[in-house]
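# Results of the structural survey
Residues per chain are reported as follows:
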2 protein chains.
Amino acid sequence: MTEMPPGAGRNTRQRAEVRALLEESDEFRSAQRLHADLRSRSVPIGLTTVYRTLQALVEAGEIDSMRLPNGEQLFRRCSRTRHHHLICRLCARTVEVTGPTVEVWADRTAARHGFTDINHTLEIFGICAVCAGSNR
Amino acid sequence: MTEMPPGAGRNTRQRAEVRALLEESDEFRSAQRLHADLRSRSVPIGLTTVYRTLQALVEAGEIDSMRLPNGEQLFRRCSRTRHHHLICRLCARTVEVTGPTVEVWADRTAARHGFTDINHTLEIFGICAVCAGSNR
DNA sequence: ATGGATGCAAATATTTTGCATTTTG
DNA sequence: CAAAATGCAAAATATTTGCATCCAT
């Protein structure tokens, strides 16, 4: 029998396609971008469904999400490698960097305050070399 | 002579009021919230101006900004005390916590990638005790 | 068959922009 | 006085929801 991944509803073509696309990379991508990519491959799917699917996947803990300074929400399959982000304040270019072990501290701190279902984010904002250059 | 804070344009009543309000607390607040607070004190200012002022202050490096998981953009005066946030995913309640020294690592990492004018944010998202309780 | 899933269009929510008017330096 | 700032209304973005139809189970 074929097992269905738990916590993300029924098995539909669209949902499978979104999952498959997310599996192809561990980069953060926006809903709009994912939708465009699917459509460009002739996968029939509406933007609404992409949003609803991503939301379901986030709630099911299958994927992570974060936001750029400009407000765009990004999604990626859960990555077990602990990397954080270096984000350019001006052009929003992001660089993934591996960081120190903040996790242990984060978990303890959260627990101490009665918080559960923890998930943390460490972002470093700055101005990238390109933007700094074109500015002077 | 009265010195004007640098990098944030001309000295207007509105800009001064926004700055003053930000100085009153180091909590993260939304543009809408700041606007409402100013209006409730009979400060004449439009929402547009609040947005434009906050944007200018962020660019001038006078204030920090971040986003909640729901997409709301929040602002606070730059705090030199290294505290981070524990934020409830459901009710958005935030608890300030003092953390480990991530700063050194953050600065080095950024520099290594050519990023300048660094500023970092460490947020822990989770579900607070209250929300966890009302959920069961 | 039947309840969840889909997708279009319309609704929200938030932030940005055009432009005439006011204010600062 | 000239340039910059303000604020209203309208525009632009991103995401969500109503609802009729479709499809997985």
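Structural notes, computed from the coordinates. (Residues numbered from 1 in each chain as written. Chains lettered and ligands numbered in written order. Predicted model: local features only at pLDDT ≥ 70, side-chain atom pairs only at ≥ 80, totals over all residues. Heavy atoms only, no water.)

Turning to the protein's contact with DNA strand C, a few remarks are in order. Lining the immediate surroundings of DNA strand C are 20 residues, of which A:Arg10, A:Thr12, A:Thr49, A:Arg52 and B:Tyr51 lie closest. If you look at DNA strand C and keep only atoms within 4 Å of the protein, 61% of those are sugar or phosphate atoms. Interatomic distance of 2.5 Å between a side-chain N/O atom of A:Arg52 and a base nitrogen of DNA strand C. Elements supplying a minimum of two residues to the surface near DNA strand C: helix H1 (13–23) and helix H3 (47–59) of chain A together with helix H3 (47–59) of chain B. The greatest single-element share of the surface near DNA strand C, amounting to four residues, is contributed by H3(B). Taken together, the residues of the surface near DNA strand C sort by class into three nonpolar, 11 polar and six charged. (Near = heavy atom within 4 Å. Polar contact = N/O pair within 3.5 Å; in protein donor to acceptor, adjacent residues only side chain to side chain. Helix = DSSP H or I, 4+ residues; strand = E, 2+ residues; numbered from the N terminus. Nonpolar A, V, L, I, M, F, W, Y, C, P; charged D, E, K, R; others polar.)

As defined by bridge partners, strand E6 (residues 116–127) of chain A adjoins strand E6 (residues 116–127) of chain B across nine bridges and the pair is classed as antiparallel. For A:Leu122, the partnering residue across the bridge sits in E6(B) and is B:Leu122. Examined bridge by bridge, strand E4 (residues 83–88) of chain B and E6(B) share four bridges and lie parallel to one another. Across the sheet, B:Leu86 pairs through a bridge with B:Ile124, a residue of E6(B). (Pairing = 2+ DSSP bridges.)

Right, let's talk about the sheet that holds strand E2 (residues 63–67) of chain A for a bit. Where strands meet in a sheet, backbone hydrogen bonds hold them as pairs that are either parallel or antiparallel. Residues and elements named next belong to chain A. Read from one edge of the open sheet, three strands run E1-E3-E2, paired in antiparallel fashion. Either end of the sheet is taken by a strand with one partner, and the two such strands are strand E1 (29–30) and E2. As paired elements, E1 and strand E3 (residues 73–77) share two bridges and run antiparallel to each other. Bridge pairing in E3 places Ser30 opposite Leu74. Its contacts with the sheet place H1 against E1, E2 and E3, and it is angled at close to 80° to E3. (Contact = heavy atoms within 4.5 Å. Axes fitted to C-alpha atoms, helices over the stretch in contact; angles between N-to-C directions.)

Taken together, the contact between chain A and chain B spans 40 residues of the former and 40 residues of the latter. It is A:Trp105, A:Phe115 and A:Ile124 that lose the most area in chain A upon contact with chain B, and together they represent 21% of the buried surface on that side. At the boundary of chain A and chain B, one finds zero salt bridges. When contributions to the side of chain A that touches chain B are tallied by element, the ones reaching two or more residues are strand E4 (83–88), strand E5 (94–98), helix H4 (103–112), E6 and helix H5 (129–135) of chain A. Among the elements that make up the side of chain A that touches chain B, the one with the highest residue count is E6(A) (12 residues). Taken together, the residues that form the side of chain A that touches chain B break down as 21 nonpolar, 14 polar and five charged. (Buried area = accessible area lost by both parts, 1.4 Å probe. Salt bridge = Lys/Arg side-chain N within 4 Å of Asp/Glu carboxyl O.)

Before going further, it helps to spend a moment on the environment of A:Arg41. Residues and elements named next belong to chain A. When you line up the elements, Arg41 lands in the loop between helix H2 (31–40) and H3. Taking relative accessible area as the criterion, Arg41 reaches 46% and is therefore assigned partly exposed. Contact partners of Arg41, with chain neighbours within four places excluded, come to Leu21 and Glu24. (Buried < 20%, exposed > 50% of the residue type's maximum accessible area, 1.4 Å probe, protein only.)

This paragraph deals with the environment of A:Ala92. All names here are of chain A. Tracing the backbone through its elements, the reader meets Ala92 in the loop between E4 and E5. A relative accessible area of 23% means that Ala92 is categorised as partly exposed. A C-alpha to C-alpha distance of 9.2 Å links Ala92 and Phe125, two positions 33 residues apart in sequence.

So far we have only geometry, and geometry alone does not tell us how the molecule works.
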